[in-house]
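Residue-level structural notes
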Amino acid sequence: MAIEVRRSIEEPARVGKLWEAMERGRANRAATIEKTGLDLPAFRDRVRLIKETAAQDPSIAEAFAEAVRANGGRVFFAATGRQAVQYVLDVCRANGAEFLVKSKSLTSEEVEMNQGLAAEGIRAIETDLGELLCQVAGEKPSHLVFPAIHMTSDRIARMLSEAYGEPIVPEPSSILSVVRARLRPQFLAANVGVTGANIGVAETGSIVVETNEGNGRLVTSVPKVHIALIGLEKIVRRWEDAADLVRGHAISATGQRMTVYVSLISQRQPVAKDPAGREFHVIILDNGRTRMRADPSFREALNCIRCGACMNVCPTYGVTGGHVFGHIYPGPIGIPWTANVHGLEEASFAHLCVSCGLCHEICPVDIDIPWMIAKVKDQDVEAHGQPTAERFFMASEAFAKLACLSAPLANRLLRRASLRVLMEWAVGVDRRRTLPAFAQRTLRSRFQAREGPAGRVGKVAFFPDLYAEYNNPDQGLRAIEILERLGYSVIIPDVQWSGMPYVSYGRLGKASKLAAENLRVLGPLVDDGYDIVSTEPTAVYMLRKVYPKLLEGDLASKVATHSRGFFEFIEPHLAELSLRPSSDVVGLVGFHIPCHDRALSSGLPAMRFLERASYRVRPVETGTCCGIAGTFGMKAGWLGYDLSMAVGEKLFEQFRASGCDLIATESSVCTLQLQDGLGRPVRHPFDLVRLEGPP
């Protein structure tokens, strides 16, 4: 896999085109949501309920099939992809078809329809431009919505010139003109047309086909026979449900209010008053869906509306594309789908997921994609074992304790090039990655040696995680000082680290055990009136988002409800603090929002903290991860450091062009990434602010 990652990253033109398309997709989506005044949380809840009902109620598909038959159509329930392809073959043979025309259908890609037909001498002609280009190139689609997103105009022109035997100018209008001329005779000559269906509607036995090209309507109307292939999870009960899904597809996929062509098809009508035996066939595909429905870990995947939004925000996909970060279903949602419909062996690209969590935040149906990816990783590690580097980073707490006991010797050794080469060879930590120094005295030992004031406002349990405990206790003490200034009584509970690498690297059993131990300590504190506060965004993310998944129940939910990031917690009290700049440079601060904080407070409280100290603050963002993703970017080579720096390059460029005097972020690991990529100091907000007034 390292070779494929390297090849993909070393194609700058392709990466640039892919990145621009992702940025455009995110920007269009955000603009349309704002312009339409869409209440996104309410809409997400509504669409999620529709999809959950569709995926979990088998009676809906049965009602749909009955209605299709009542309309004169024929229905076939395909348990497997092979059965679906065989049905299409049988229909083609019955109608004397040597070829068929086909509109874009990801479900047909899932069952490898084109290959199955070709093996029996029947040619499937793709008529969607992106799918056609992939077919000519002999490649799989690279994106759920934009199959040929990875191709440049130059490559397309060269490829079609060779395939069609005529020179084609690398301009969109020339390419489209040639393709149209080639396809029109095929539409008119075909006896059979095959499409997917975005939605099936049970109350009328209708399908909805959404496209941005007119080819879909030609495929469904011109040939004598129309075959629609639909996954059973796409069938809804009512037209009101379908209307919400049509809206959700367009907004999330392309940022449109509605797809250009929305075709509603219930039955075949005569053309020019000539019925000519026109047929309508619907194949309802299972192919693992019933099994997914029964599996609590993966049933959420059936809620996917195939919009591709998760791909548009995924850092790995943004530089590798769907041929590396995917099988047939690419991108983040492609991981659980691939594992379940094509098998675990084909889902090994799961380990390229950096666990940033952004796919969950952008999903229009609120699917917890990161959790399902973690489950796939867990299954894969059980089946195939775990790389040494991942085992090392899962032992981070033990390593940190040992390094603290031997600091400053450990720090001197970690700065030696010879030791870093040895570490890279022995445990897979990249020699080029800057590692944080370790403190001689931990936060707990320094905290116990001081006397804090009694609280008058409330009680806080400070969760240090690794960085504030072992690397930078001063950061923890600054946080505690501010909390005490605000009138809180502060303790450091007897907790371990938050354990994100266990989740990132697919050891959910160990993650659950750690979560149980931490919750056992924190639960009684919450009952006693304590709030849990941390300066590390990933620790808060684990407490609020991941622990309730690892250990469902009242205890995890209770702790999650009372856990807050430091700046979010103190924000209501900022006016009580006298804050001044501590830096000689008082100017514009470029602020990086850590991925895990986007699911919590979007970095706004930390930026307001800096603004309270008279700084001007501007978020500098690409819309995706900085690249390091915890310890992922510390691993050696193309499956770690090199991939992380390729992801980070766009962010580095933005910071270089930002004109910012200072750079700040809350995350300890994002700090390492930005410093390594920019060669400039990156500060925690505490480092830029001085607290004035009496203690």
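Refer to the structure above for everything that follows.
Note that the coordinates shown come from a computational prediction; the quantities given were computed from them, not determined experimentally.

Before going further, it helps to examine the overall build of the chain. Looking only at helices and strands, the chain features 34 helices and 19 strands. In summary, the chain has a C-alpha radius of gyration of 28 Å against a globular reference of 26 Å for 695 residues, a match within 12%. With respect to the principal axes defined by its C-alpha atoms, the chain has extents near 90 × 55 × 50 Å. Within the chain, buried positions represent 59% of all 695 residues.

Moving on: the packing of helix 8 (residues 129-137) against helix 9 (residues 153-164). The interhelical angle for the contact between helix 8 and helix 9, taken along N-to-C directions, is 65°, at an axis separation of 10 Å. Relative to helix 9, helix 8 is oriented so that their crossing is left-handed. Residues Leu132, Leu133, Val136 and Ala137 of helix 8 pack against Arg155, Ile156, Met159, Leu160, Ala163 and Tyr164 of helix 9. Here the residues of the contact of helix 8 with helix 9 sort into nine nonpolar, no polar and one charged.

The geometry of two aromatic rings is summed up by the distance between their centres and the angle between their planes. Under the criterion given, the structure shown has 13 aromatic pairs. The interplanar angle of 65° and the centroid separation of 5.5 Å between the aromatic rings of Trp497 and Tyr502 together place this pair among those described as edge-to-face. Given a relative accessible area of 6%, Trp497 falls into the buried group. Each ring, one from Phe567 and one from Phe609, has its centre 4.9 Å from the other, and the planes form 55°; the classification is tilted. Separated by 42 residues along the polypeptide, Phe567 in helix 30 (residues 566-570) and Phe609 in helix 32 (residues 604-612) bring together distant segments of the chain. Each of the two residues, Phe567 as well as Phe609, counts as buried. Above the face of the Phe43 ring, Arg247 is positioned so that its terminal group lies 5.8 Å from the ring centre. The cationic tip of Arg306 hangs over the ring face of Trp337; the distance from NZ or CZ to the ring centre is 4.2 Å.

In this section: helix 4 (residues 58-70). With 13 residues, helix 4 extends 19 Å between its outermost C-alpha atoms, agreeing within 8% with the 18 Å of an ideal straight helix rising 1.5 Å per residue. Buried within helix 4 are the following residues: Ile60, Ala61, Phe64, Ala65, Ala67 and Val68. Take helix 4 and look down its axis: the buried residues cluster within an arc of 165°, on one side only. Along helix 4, exposed side chains directed more than 90 degrees from the buried face belong to Glu66 and Ala70. Elements that come into contact with the buried residues of helix 4 comprise helix 3 (40-56), strand 1 (74-78), strand 5 (199-201), strand 6 (206-211), strand 8 (235-236) and strand 10 (279-285).

As a further point, take the pairing of strand 10. In terms of burial, strand 10 is largely enclosed, as seven of its seven residues are buried. Relative to strand 10, strand 1 is paired through five bridges, and the arrangement is parallel. Paired with Phe77 across the two strands is Ile284, which belongs to strand 10. Direction of pairing for strand 7 (residues 225-231) relative to strand 10: parallel, over a ladder of seven bridges. Bridging across to strand 10, Leu229 finds its partner in Ile283.

Taking strand neighbours across the sheet as the criterion, the three strands line up as 17-16-18 in an open arrangement whose pairing is parallel. Either end of the sheet is taken by a strand with one partner, and the two such strands are strand 17 (616-619) and strand 18 (662-665). The sheet shows a mean angle of 35° between the axes of neighbouring strands, taken without regard to direction. Pairing geometry for strand 16 (residues 588-592) and strand 17, over four bridges, is parallel. Within strand 17, the residue paired with Phe591 across the bridge is Pro619. Helix-sheet contacts for helix 33 (residues 641-658) involve strand 16, strand 17 and strand 18, and the interaxial angle to strand 16 is about 170°.

Moving on, we get to unusual backbone geometry. Note that the residue after Ala407, namely Pro408, is joined by a cis bond; omega there is 5°. Relative to the helices and strands, Pro408 is located in the loop between helix 20 (396-405) and helix 21 (409-414). Of note in this structure, Asn287 is not a glycine but carries a positive phi near 50°. Tracing the chain through its elements places Asn287 in the loop between strand 10 and helix 13 (289-294).

This part takes up the state of the cysteines. Summed over the entire model, instances satisfying the criterion amount to zero disulfides. Counting only cysteine sulfurs, Cys626 is the nearest neighbor of Cys670, a cysteine outside any disulfide, at a range of 3.8 Å. On the accessibility criterion, Cys670 (6% relative accessible area) is buried.

In this section: the environment of Glu210. Along the polypeptide, Glu210 turns up in strand 6. Classification of Glu210 by relative accessible area gives buried; the value is 11%. In this structure the C-alpha to C-alpha distance between Glu210 and Arg612, which are 402 residues apart in sequence, comes to 49 Å. Non-local contacts of Glu210, meaning those with residues more than four positions away in its chain, are made with Asn198, Ile199, Val246, His249, Thr259, Tyr261 and Val262. Engagement of the side chain of Glu210 in a polar contact is seen with the side chain of His249, the distance being 2.6 Å.

Attention now goes to the side chain of Ser8. One can find Ser8 in helix 1 (residues 2-9). Among the polar contacts listed, one links the side chain of Ser8 to the backbone oxygen of Val5, at a separation of 2.7 Å. Beyond its immediate stretch of four places on either side in the chain, Ser8 contacts Arg14, Val15, Val319, Thr320 and Val324.

Considered for burial, the residues of helix 22 (residues 417-427) that qualify are Arg420, Met423 and Val427. Axial view of helix 22: buried residues confined to an arc of 70°, hence all on one face. Away from its buried face by more than 90 degrees, helix 22 exposes Ala417, Ser418 and Trp425. Turning to helix 22, the residues buried within the fold contact helix 19 (388-394) and helix 21. Downstream of helix 22 by one or two residues, Gly428 has phi in the positive range, about 80°.

On to the sheet that holds strand 8, then. A sheet is described by the order of its strands in space; here four strands give the open sequence 8-5-6-9, paired in mixed fashion. The sheet is open, and its two borders are formed by strand 8 and strand 9 (261-265), each paired with just one other strand. As paired strands, strand 6 and strand 9 are joined by five bridges and run antiparallel to one another. If you follow Thr211 over to strand 9, its bridge partner there is Tyr261.

Rules and cut-offs
Residues numbered from 1 in each chain as written. Predicted model: local features only at pLDDT ≥ 70, side-chain atom pairs only at ≥ 80, totals over all residues. Heavy atoms only, no water. Helix = DSSP H or I, 4+ residues; strand = E, 2+ residues; numbered from the N terminus. Rg over C-alpha atoms; globule rule 2.2 N^0.38 Å. Buried < 20%, exposed > 50% of the residue type's maximum accessible area, 1.4 Å probe, protein only. Axes fitted to C-alpha atoms, helices over the stretch in contact; angles between N-to-C directions. Left-handed = near helix turned anticlockwise from the far one by under 90°. Contact = heavy atoms within 4.5 Å. Nonpolar A, V, L, I, M, F, W, Y, C, P; charged D, E, K, R; others polar. Phe/Tyr/Trp six-rings, centres within 6.5 Å; stacked < 30°, edge-to-face > 60°. Lys NZ or Arg CZ within 6 Å of the ring centre and 35° of its normal. Expected span 1.5 Å × (residues − 1). Arc of directions from axis to C-beta. Pairing = 2+ DSSP bridges. Disulfide = S-S within 2.5 Å. Polar contact = N/O pair within 3.5 Å; in protein donor to acceptor, adjacent residues only side chain to side chain.

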